[in-house]
Amino acid sequence: MSDQGNFSIQGYNLVTLLKRLEAATSRLEDVTIFQESKSAVAVVDATAATTSVEPTAPKSTMAPSSAIAAAPRIVSPEVPKSIKEFDNFIKEKIDPYVQLSQEIDGQLGEQAELFKEAIDRERRVLLAASKSKKLNAEDGKFQELVIKPINELIMKIISIKDGNRNSEKFNYLNAVSEGVAVLGWIVVNTPVSYVPEFKDSAQFWTNRILKEVKGSEDEKVGTEWVKTFLSIFDALKDYVKEFHSTGITWGGSQDFEDAIKTGDEEARNGGSGGSTSSVPPPPPPPPPADLFVDEVAAAKNGGSNGGGANKVAVKSGGMGAVFEELNQGEKITSGLRKVDKSEMTHKNPELRRKSGPMPPKKPKKFSSSGNSTSTSGNDAGANAGAGSSSSDKPVQKPSQFELVDNKWMIVRLTKDILPKYGFTDGILKIEGSMDQSIYMGDCDGVIVQITGKVNAISMNKCHKSGLVIDRAISSVDVTQCERCEVQIVTNVPVLSVDQSESVDVYLSKESMDGIYLYSSGCTALNVNIPRGSQDEEDFELEETAIPEQFVTTFSSGCAKTEAVLRK
C-alpha cells in the first residue's frame, strides 16, 4: 500500500469503491421497497419514499434505475377504451388502405389521405365527446365544429373523382367517392344500419374493378385494394355497434367547444389529442411465491415422529405432496389393493351383466313401424303402444317467411301455405333493398318475385320452384335444386348453379351483358336467350344447353379437354 493521500488497494481508489458500494446499496433499497408494494397507490408511495432518502453518492455515479425511481411520475389522463379501439381501427384498416392507394395511383392516394384526415377529425370529435356534456346535432356549435370540417373533406374527395373522369383508375375513384359518405355516421342516431348502405354503394364499383383487373397484371393489387377498402366498412360497423350504437357516446362535464379546440391544438403540436404522455416504466413485480411451499412443510414442522396427522397433511394436496408420493420409490404401490379373481369382470361374465350398462338394442325395421302405426287405431292400449313408433319419425319444422336483421328467410314454404302470408295468386312478392339478402330453402312449388336491387340471393334444396330477379349486387347461388327456374330481368353479375338437376335459366337482353354463369355437377342445365326484340310480338327464346360432359385426350404427354354438347 502506498503512503500517498489517495488511499488505493491494488490499483483501485478507495473513495471510488465506497461510492460504488453506496450506489449499489441505494439500488437494492429501491428494489426492496417496490417488491413490498401491493397496489398502484403503494407503488406511487414507494416512489415518493425513495426520493426522501438522501443519497450519499454523487449524481454522476448514481445508478440509472435509482434515478428513474427517484423521478416523479407523470400521471396523464387515461384514454377511454373506445378511443383506443378507434386508434386500432385506424392502424389496422385505414393506414393499409392509404398505403396501397398511394402505390396504385397518385390521385387515388390523394383521396385516401383526405379520407384518413376525415377519420382523424372524427377521432378528435369522439375524444372530445367522451369528456363533454351532450350536444345536439342541430346545435350551431356542433354544426360548425363537427359537420362542416368533415363535409369539406368529403366534398374534396368527390371533386377529385369529378376532375379525373378520363382516368384509368376512375372506378377506384368512384368507389371511394360513393363510400366516403359513410363518415356521416357520426351525426345519425342509428349508425349500425347506416354504415352498410354505403358499403353496398361502393361495392357496385368494386365489382367493376374486380371484373376489369381479372386476368391482367394488376389483378393481385386491384383485388387486394378492394378487399382492404371494403374491410373498412365491416370494421367500422363492428366498432360503432360496440361503442356508439345509438349515436356518439357523451360523458363528462367539460364544454364541447373547449374540448375539441384543445384536441385540435394538440394535433397541430404533433400530439394525438388524447394519448398518454411518456411515463417511466414501472418497477418489476415481486417474485412469485414458491409453488412447493405446502402442507409438507407444515407436516415436517409438526413433529419428527411421522404420526397420522402428519401423513394426512402430506396427502392433502400441493406440489410438495406430489413429489413426496413420487419419491417413495418401490413403496409407491404398497397402498394398492390386490383384486381377487372372483371380482375380475373379464373372467366373470355375470358381473358384466349385473354392473355394466346393457348394450343398445338394434333399431327396428321400417316395415315394423308401419305395421304398428296401422294397428294403432284399434283401441287406447294400441294407441299408447304406437306412440313410441311415431316418435321415431322426424319432426316437421314450421315454415318461415320473415326478415331477420337484413336477410329474408323463405324456408319450407309450399304453394298451399302462401295464402297464410297473404299471397293468393301463388306468387310470393318481396320489395328488396341494397342492404338485404334473400335465402330460399326447402321450398316446393313456390314462385318468388324480387323487385328492386338486393345484395345476394341463395336458393337451396328447392323443388319445382322459381325465382324472378330484378337486380342483384353480388351473386345468385342455386344449390341442390331440382326442376327449378330462374329468370333475370335486369342485371345480375354472377349466377352459380351447383349440384342441381333440370334447371332452366331465362335471360333478358339487358341481363346478358356482363353476366358470369358458373356451373358444376349439374344435369340438364339450360339457358334461354332472347332472339329479336322483346317488344315484338314474335319474340322468341333460343334454348342453349350448358355442357355437362367432357372428353379428355392425350397427345405427346399433354392433356386436352373438350366439352361434349347435347344435341
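Up top is the structure.
Being a predicted model, the structure only gives us computed values, none of them experimental.

Engineer: Just give me the short version of the pattern of salt bridges, but keep the residues and values in it.
Structural biologist: Evaluation of the coordinates by the stated rule reveals 10 salt bridges. Residue Arg123 is joined to Asp87 by a salt bridge in which the shortest nitrogen-to-oxygen separation is 2.9 Å. Residue Arg123 is located in helix H5 (residues 106–131), and its partner Asp87 is located in helix H4 (residues 81–104); the two are separated by 36 residues in the primary sequence. Judged by relative accessible area, Asp87 falls into the partly exposed class, the value being 27%. A single network of salt bridges, built from pairs that share partners, joins Lys161, Asp162 and Arg165.

Engineer: Please set out the layout of surface pockets residue by residue, giving values where relevant.
Structural biologist: By volume, the largest pocket amounts to about 540 Å³. At the level of elements, helix H8 (191–213), strand E9 (466–472) and strand E14 (516–520) are the ones that each hand at least two residues to the lining of the largest pocket. Looking at which element gives the most residues to the lining of the largest pocket, the answer is H8, with five residues. Residue composition of the lining of the largest pocket, by class: eight nonpolar, five polar and six charged. Built from parts of two domains, the lining of the largest pocket gets at least three residues from each of domain 1 (81–256) and domain 2 (400–564).

Engineer: Tell me what's going on with the sheet that holds strand E5 (residues 427–431), and back it up with residues and numbers.
Structural biologist: Pairing within the open sheet is mixed, and its seven strands lie in the order E5-E7-E9-E11-E13-E15-E16. A single partner strand is all that each edge strand has here, and the edge strands are E5 and strand E16 (540–545). Adjacent strand axes in the sheet meet at a mean angle of 15 degrees when their direction is disregarded. Bridge analysis of strand E13 (residues 501–507) against strand E15 (residues 523–531) gives five bridges, and the strand direction is parallel. Opposite Asp504, over in E15, you have Asn526 as the bridge partner.

Engineer: Explain helix H6 (residues 140–162) residue by residue, including any values.
Structural biologist: An ideal rise of 1.5 Å per residue puts 33 Å on 23 residues; H6 measures up with 30 Å between its terminal C-alpha atoms. At Ile147, H6 shows its largest kink, close to 35 degrees, and the proline Pro149 lies no more than four residues downstream. Listed in full, the buried residues belonging to H6 are Phe142, Leu145, Val146, Ile150, Leu153, Ile154, Ile157, Ile160 and Lys161.

Engineer: If you had to explain the side chain of Lys199 to someone new, which residues and values would you point to?
Structural biologist: You can see Lys199 is positioned in helix H8. Since its relative accessible area comes to 19%, Lys199 is described here as buried. If we ignore the near neighbours within four places in the chain, the residues touching Lys199 are Leu230, Phe233 and Asp234.

Each value, and the rule that gives it
- Residues numbered from 1 in each chain as written.
- Predicted model: local features only at pLDDT ≥ 70, side-chain atom pairs only at ≥ 80, totals over all residues.
- Heavy atoms only, no water.
- Salt bridge = Lys/Arg side-chain N within 4 Å of Asp/Glu carboxyl O.
- Helix = DSSP H or I, 4+ residues; strand = E, 2+ residues; numbered from the N terminus.
- Buried < 20%, exposed > 50% of the residue type's maximum accessible area, 1.4 Å probe, protein only.
- 1 Å grid on protein atoms, 1.4 Å probe; cavity = no way out; pocket = protein on both sides within 12 Å on 5 of 7 lines; lining within 4 Å.
- Points joined across faces, edges and corners; volume = space filled by probe spheres on them.
- Nonpolar A, V, L, I, M, F, W, Y, C, P; charged D, E, K, R; others polar.
- Domains from an automatic or database assignment.
- Pairing = 2+ DSSP bridges.
- Axes fitted to C-alpha atoms, helices over the stretch in contact; angles between N-to-C directions.
- Expected span 1.5 Å × (residues − 1).
- Bend = angle between axes of the 7 residues up to and from the residue.
- Contact = heavy atoms within 4.5 Å.

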